[in-house]
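Take a look at the letters that make up each chain.
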Amino acid sequence: MAGAVMTGFTGQAYAMRPSNPTIRVIDRTVSGKVTSVEDNLPVPGVSVVLKGSKSGTNTDADGTFKISIPEDNAVLVFSAVGFVTQEVTVGNKSVVDIVLASDQKILTEVVVVGYGTQKKSQLTGAISSVGAKEINEMPITNLGQALQGRAAGVDVTQSGSKPGTVPKILIRGRRSFNAGNDPLYVVDGIPLAGGYEDMNPNDIQSMEVLKDATATAIYGSRGANGVVIVTTKRGGQKGKTTVSYDGYVGVSKALDKVELFNGTEFAEFVREAYRATGGYKDAAGNAIPTGVINAEADAKVAVLGGDPNVAKGIANGTSTDWQDLVVKTGVMQNHSVGIQGGNDRTQFYISGAYFRDKGVVKEANFTRVSLRSNIDHQVNKWLKVGLSSYMMNSIRNGDSLNTYGMTINQNPLAVPYDDNGKLIFSPTNDALLTNPLAELVKGAQVAELKRYRIFNSLFTEFSILPGLKYRVNFGPDFTISRYGRFIGSQTNARKGGDAQAKALQGFAFNWTLENIINYSKTFGGKHNLNVTLLHSFQKDRAELFSASVQGVPVETQSFYNLGAATTIFSPASGYIPWQINSYMARVNYDYNDKYLVTLTIRRDGSSRFGENSKYGNFPGIAVGWNLGNEDFLKSVTWIDLLKIRAGWGKVGNTGLAPYQTQGFLGRTSYAWNTTPAYGYRGDRIGNPDLRWESSTTANVGLDFSFIRGKVQGSLEFYQTNTTDLLLSDQLPGSRGYAAVTRNVGETRNRGIELSLTTNNVNTAGGFKWTTDFTFTKNTEAILSLYNGKVDDIGNGWFIGRPLSTVYDYRKIGIWQTNEADAAKAVNSEVGQIKLKDINGDGKINANDREIIGSDVPDFSGGITNRLSYKGFDLSFFFFARVGNLIRSEFHRNNNALAGRYQQMKVDYWTPNNPTNEFPRPKSNQEFPVYGSTLTYFDGTFVKLRNVNVGYTFTPELSKKLGMESLRLYSSIQQPFIWAKYRSKYNGVDPETTGLAAGGTGVTPATMVITFGVNAKF
């Protein structure tokens, strides 16, 4: 009966297969129309999927659809960006019309604002948010990496690729010369006394960055440089406990090596350096011209034939790549287990994590082990208590070591091992060049930093009356650190001398106690009021001790037995306490979610300031207007959110080190005939009138969301003026003191920020594509200094320019053979650097210097694209900084052009190669005259920061594997860097933390490839 058709009692058509007696319903077509509940208009692009299958379609421009279903109890799932997903059982209907409600998450999303939360639609300050999605998108080692390119107005720059290196974070630029520009970090409501590097990124639920003074005023003197609020993961209320595992393993590789001269090129480079000074001559004393090699001349050059080891290398055609001997493949791994659960009364989150990063240079590695426990318990209807506890132990090795830098200067004509395979400590006769591999012998060089930290946040919250709550926060923070340094005899630093060792120990205890009253009330259904009152007290105590020795008898003792050394140097110790007492009041009011007002006032008293100025007042006011809620825009259905904000506020900077208001004594020595004696003299003038640096910010912002969240973002314009800068005002030497710290000077920051998220594609077939984009432009300027609007050329401070500015001569080429007379007129010569004569007087002097540039970029930004299709997901993140200047210490240290050491391969001038790039090598000068002009480069770069591809198993398959969910992924971090600094000028990495980039401690830029899993049970 193949192909036979039967008719059942219901009139449905059935087909019977001989091989399978199962009866099935023949597919039938269902059609319908989807409209919006707000305006009854059709909704195009709605995904219509048959639940439990991959069959689906989407609505057309008229909101209509058609789909085939197999049976009467089929369920259709309707979903679209900006709407609440809806499921409908078809039954025996052939027409299914659906009305979708808008998803108000865009408007009701809650943002942490400090001492409370607010709906996104009611924010009046400039706040950027980074959620768990962005944090977990790539295998990061610290929260700074998660902020880079993800939050407009936040400039995050890596300071190298050594394991454990922490990025530098600036929010809306620099304001201060001496009081610090680092933001305040607040974790689970408690301000951190130290940095953020100890935190485990896997524990973070979200980060909010408070940028303008109206948002940061609640933190007063701590918020001058912006505030980063970190919220860690908490438990749930569903009565279910879940166990999650997030882990990855990977390898790190150097993107490339520094291009150096090979053996033959180095030998010719040295010859040219001696030709330039008349030192490359044959046996008869005749000068050997460029391009000609002479054995007798080589023998007279100490760096070449004058060294038997090098002479042998020249004869054998040796070309040792010392970089290859030191650089290896690094290994990175991270394992984190979290347990999360709870019910309506108790919620908990417990996690443990292990992170290990072994860098691409053997000496460098970083290990962190952490444990977190977050517990919240509702004792009864009026009492709630909670605890957040974080314990961490980290070990960082090799931070201050520089074996890689030694490889760049090592002679390529020498060899590292003798014929028996034994390490040669001095491969050449140059006393300053020892074998870099000797630094890597176990125990020869030790630089180990250990940190132990316990950070807690405890709270008790009382519900006194409806809308009235009283909360007590207590946050003790313990940090113990120990830095051990050992330098063995057979190292470059000691060169066979006695071994040295030192140890530094530190203990810090910081605690914060806060009393918070919060009152919320709605009047008449349209008037919403929230009042927050705060008293906060924070106290910090740091103790330091260090000791150093020489002549460690047994090198295996390293720095653990300083007392056994033959020479013990004077120990040192320190005690640094400080405390802050604060009061704060904040009032939030809105009328019918249309008109918003925030008023804030904080009063801080700091022990760091003088008796006459310990307290400062920091007010803020902000207003907002939700235009989208006005009657004249409610009919515009494509507007979800349209809000204008404006605010003004004043905050202080408490970055002044303790005791700066007091006078200091300095130790001095005397000689009583032949007997030494010690005493004290005045060393620094105190100033009891020192007061806070004050930053005043005006901010105008626009928040928007269109087409049910398909396009949403924020646009900000701001200006910050910082006055009463803490600067050292110079004094006449006759006073006995060089300077005194006073409140003088003013700086300004202006900028524009854009954050944009677009939902580009969401098809019925399951393909989705979203984009996040950030853009930041900040302009720094010095407005005045101690003498008013007068430049300080010595410090590189110029009115109207950024805080870090390069003021120097400008290289315009190399003096060529036909310019010999012109070169001589300015005390130079053919083959050397040619400078720009600014004033055209035919002389080169200090008046010919000009402003070359600054490390402040013209703009920076990031773009993240996320694509997903039926379980597969792909994301890639680009980050760029444009228009900043690099002053490359790496080029200064490795481009001496003296002919003594190996160096970067550059296009240098010779009579046969009349280039304008680099001057002729000269053996009688350590660095070229005006060599600083060779260290300035355009710092513009674009980095493909991360590429992540993954697959999420279906719920059915995950359950078969005994899991709730399972995702496998692979990530590539920083596979490409596009920058002229690298491609043309042989630089390592253009991303820096300041003007001086890539000094002696540089390591190669790296690419990291990881494979990971996210599993939940």
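The structure displayed is predicted, hence computed values, not measured ones. (Residues numbered from 1 in each chain as written. Predicted model: local features only at pLDDT ≥ 70, side-chain atom pairs only at ≥ 80, totals over all residues. Heavy atoms only, no water.)

## So, empty space enclosed by the protein
Across all of its chains, the model carries eight cavities of 30 Å³ or more by this definition. The computed volume of the largest cavity comes to approximately 120 Å³. Taken together, 14 residues form the lining of the largest cavity, with Gln 118, Thr 124, Thr 214, Ala 215 and Thr 598 sitting closest to its centre. Every element with two or more residues in the lining of the largest cavity is listed here: helix H4 (213-216), strand S30 (572-591) and strand S31 (595-606). Among the residues forming the lining of the largest cavity, the class breakdown is six nonpolar, seven polar and one charged. (1 Å grid on protein atoms, 1.4 Å probe; cavity = no way out; pocket = protein on both sides within 12 Å on 5 of 7 lines; lining within 4 Å. Points joined across faces, edges and corners; volume = space filled by probe spheres on them. Helix = DSSP H or I, 4+ residues; strand = E, 2+ residues; numbered from the N terminus. Nonpolar A, V, L, I, M, F, W, Y, C, P; charged D, E, K, R; others polar.)

## Section: the nonpolar core
Soluble, globular proteins show a tendency: their nonpolar side chains are buried together. Core analysis: the biggest nonpolar cluster contains 43 residues, and Val 258, Phe 266, Phe 269, Val 270, Phe 890 and Tyr 908 have the highest contact counts within it. Among the secondary structure elements, those contributing two or more residues to this core are helix H5 (263-275), helix H9 (403-409) and strand S44 (833-835). Counting 26 residues, the second largest nonpolar core, distinct from the first, contains Tyr 185, Met 199, Val 230 and Tyr 390. (Core = buried A, V, L, I, M, F, W, Y, C linked by side-chain atoms within 4.5 Å. Buried < 20%, exposed > 50% of the residue type's maximum accessible area, 1.4 Å probe, protein only.)

## Digging into H5
Between its first and last C-alpha atoms H5 spans 18 Å; for 13 residues at 1.5 Å apiece the expected length is 18 Å, and the two agree. Judged by how many residues are buried, H5 sits mostly within the fold: ten of 13 residues are covered. Its buried side turned inward, H5 meets helix H6 (295-299) and helix H7 (308-316). For H5, the side-chain oxygen to backbone nitrogen distance between the N-cap and Thr 264 is 3.2 Å, and the N-cap itself is Asn 262. (Expected span 1.5 Å × (residues − 1). Contact = heavy atoms within 4.5 Å. Polar contact = N/O pair within 3.5 Å; in protein donor to acceptor, adjacent residues only side chain to side chain.)

## Examining the sheet that holds strand S10 (residues 98-100)
If you trace the three strands from one edge of the open sheet to the other, you get S7-S4-S10, paired in mixed fashion. Among the strands making up the open sheet, the edge pair consists of strand S7 (64-69) and S10. The average angle at which neighbouring strand axes cross in this sheet is 35°, direction not considered. Pairing of strand S4 (residues 28-36) with S7 involves six bridges; the strand directions are antiparallel. Paired with Gly 32 across the strands is Phe 65, a residue of S7. (Pairing = 2+ DSSP bridges. Axes fitted to C-alpha atoms, helices over the stretch in contact; angles between N-to-C directions.)

## Some words on the sheet that holds strand S9 (residues 86-89)
Taken in spatial order, the four strands of this open sheet run S6-S5-S8-S9, and their pairing is antiparallel. For this open sheet the edge positions go to strand S6 (56-58) and S9, each flanked by a neighbour on one side alone. With direction set aside, neighbouring strand axes in the sheet form an average angle of 20°. In this sheet, S6 lies alongside strand S5 (residues 47-50) in antiparallel orientation, the contact comprising three bridges. Across the sheet, Val 48 pairs through a bridge with Thr 57, a residue of S6.

## Details of the pattern of salt bridges
Summed over all chains, the structure comprises 46 salt bridges. The salt bridge involving Glu 87 is made with Lys 51; its shortest N-O contact spans 3.1 Å. In this pair, Glu 87 sits in strand S9 while Lys 51 sits in the loop between S5 and S6, placing the two residues 36 residues apart along the sequence. The class for Glu 87 is partly exposed, based on a relative accessible area of 48%. Judged by its relative accessible area of 48%, Lys 51 is partly exposed. A salt bridge links Arg 271 to Asp 298; its shortest N-O distance comes to 2.9 Å. Here the residue Arg 271 occupies a position in helix H5, and Asp 298 occupies one in helix H6, the gap between them amounting to 27 residues. Taken individually, Arg 271 and Asp 298 each receive the classification buried, so the pair is uniform in this respect. Several salt bridges converge on common partners, so that one network encompasses Glu 268, Arg 271, Glu 272, Arg 275, Asp 298 and Arg 920. (Salt bridge = Lys/Arg side-chain N within 4 Å of Asp/Glu carboxyl O.)

## Some points on the pairing of strand S47 (residues 872-882)
Examined bridge by bridge, strand S46 (residues 859-869) and S47 share eleven bridges and lie antiparallel to one another. Paired with Leu 867 across the bridge in S47 is Leu 874. Connecting S46 to the antiparallel partner S47 that follows it, the hairpin turn spans two residues, and Lys 870 within it adopts a positive phi of roughly 50°. Relative to strand S50 (residues 941-952), S47 is paired through ten bridges, and the arrangement is antiparallel. Paired with Asp 873 across the two strands is Gly 950, which belongs to S50.

## Some points on unusual backbone geometry
Residue Ile 707 is not a glycine yet carries a positive backbone phi of 55°. Mapped onto the elements, Ile 707 comes out in the loop between strand S36 (693-706) and strand S37 (711-723). Although it is not a glycine, Gln 974 adopts a positive phi angle of roughly 50°. Assignment of secondary structure puts Gln 974 in strand S51 (residues 965-978). With relative accessibility at 9%, the residue Gln 974 sits in the buried group.

## Notes on the environment of Thr 216
Looking at where Thr 216 falls in the secondary structure, it is placed in helix H4. For Thr 216, a relative accessible area of 2% puts it in the buried group. A C-alpha to C-alpha distance of 7.4 Å links Thr 216 and Val 651, two positions 435 residues apart in sequence. One polar contact links the side chain of Thr 216 to the main-chain carbonyl oxygen of Gly 223, over a distance of 3.4 Å.

## Observations concerning the packing of aromatic side chains
As enumerated under the stated definition, the model contains 31 aromatic pairs in all. Three or more aromatic residues joined by ring pairs form one cluster here, namely Phe 261, Phe 266, Phe 269 and Tyr 908. Sitting over the ring of Trp 578, Arg 608 keeps its end group 4.5 Å from the ring centre. (Phe/Tyr/Trp six-rings, centres within 6.5 Å; stacked < 30°, edge-to-face > 60°. Lys NZ or Arg CZ within 6 Å of the ring centre and 35° of its normal.)

## Observations concerning the side chain of Glu 630
By secondary structure assignment, the location of Glu 630 is in the loop between strand S32 (615-626) and helix H10 (631-634). In this structure the side chain of Glu 630 is engaged in a polar contact, spanning 2.6 Å, whose partner is the side chain of Tyr 595. Those residues in contact with Glu 630 that sit more than four places away from it in its chain are Lys 594, Tyr 595 and Trp 625.

## Examining the pairing of S51
Sheet topology note: the S50/S51 ladder contains ten bridges and is antiparallel. Counted as the bridge partner of Tyr 951 is Leu 968 from S51. As paired strands, S51 and strand S53 (residues 1006-1016) are joined by nine bridges and run antiparallel to one another. Bridged to Tyr 969 within S53 is Gly 1012.

## Notes on the confidence of the model for the protein
Detailed reading of the predicted model is not advised wherever pLDDT is low. Taken as a whole, the protein shows an average pLDDT of 89; of its residues, 95% reach a score of 70 or greater. Here strand S2 (residues 13-17) stands out as the least confident element of the protein, with mean pLDDT 33; S44 is the most confident, with 97. Predicted confidence is poor over residues 1-25, with pLDDT under 50, and the contacts of this stretch with residues over four places away or in other chains come to 23 contacts. (pLDDT = per-residue confidence, 0-100.)

## A look at H7
N-cap assignment for H7: the residue whose side-chain oxygen lies 3.0 Å from the backbone N of Asn 309 is Asp 307. After H7 finishes, the residue Gly 317 shows a positive phi value of roughly 70°.

## Brief notes about the environment of Gln 579
As for its placement among the helices and strands, Gln 579 is situated in strand S30. Exposure remark for Gln 579: the relative accessible area of 30% places this residue in the partly exposed category. For the pair Gln 579 and Pro 658, spaced 79 residues apart in the sequence, the C-alpha separation amounts to 9.7 Å. Beyond its immediate sequence surroundings of up to four residues, Gln 579 is in contact with Phe 537, Gln 538, Lys 539, Gly 605, Ser 606 and Ser 607.

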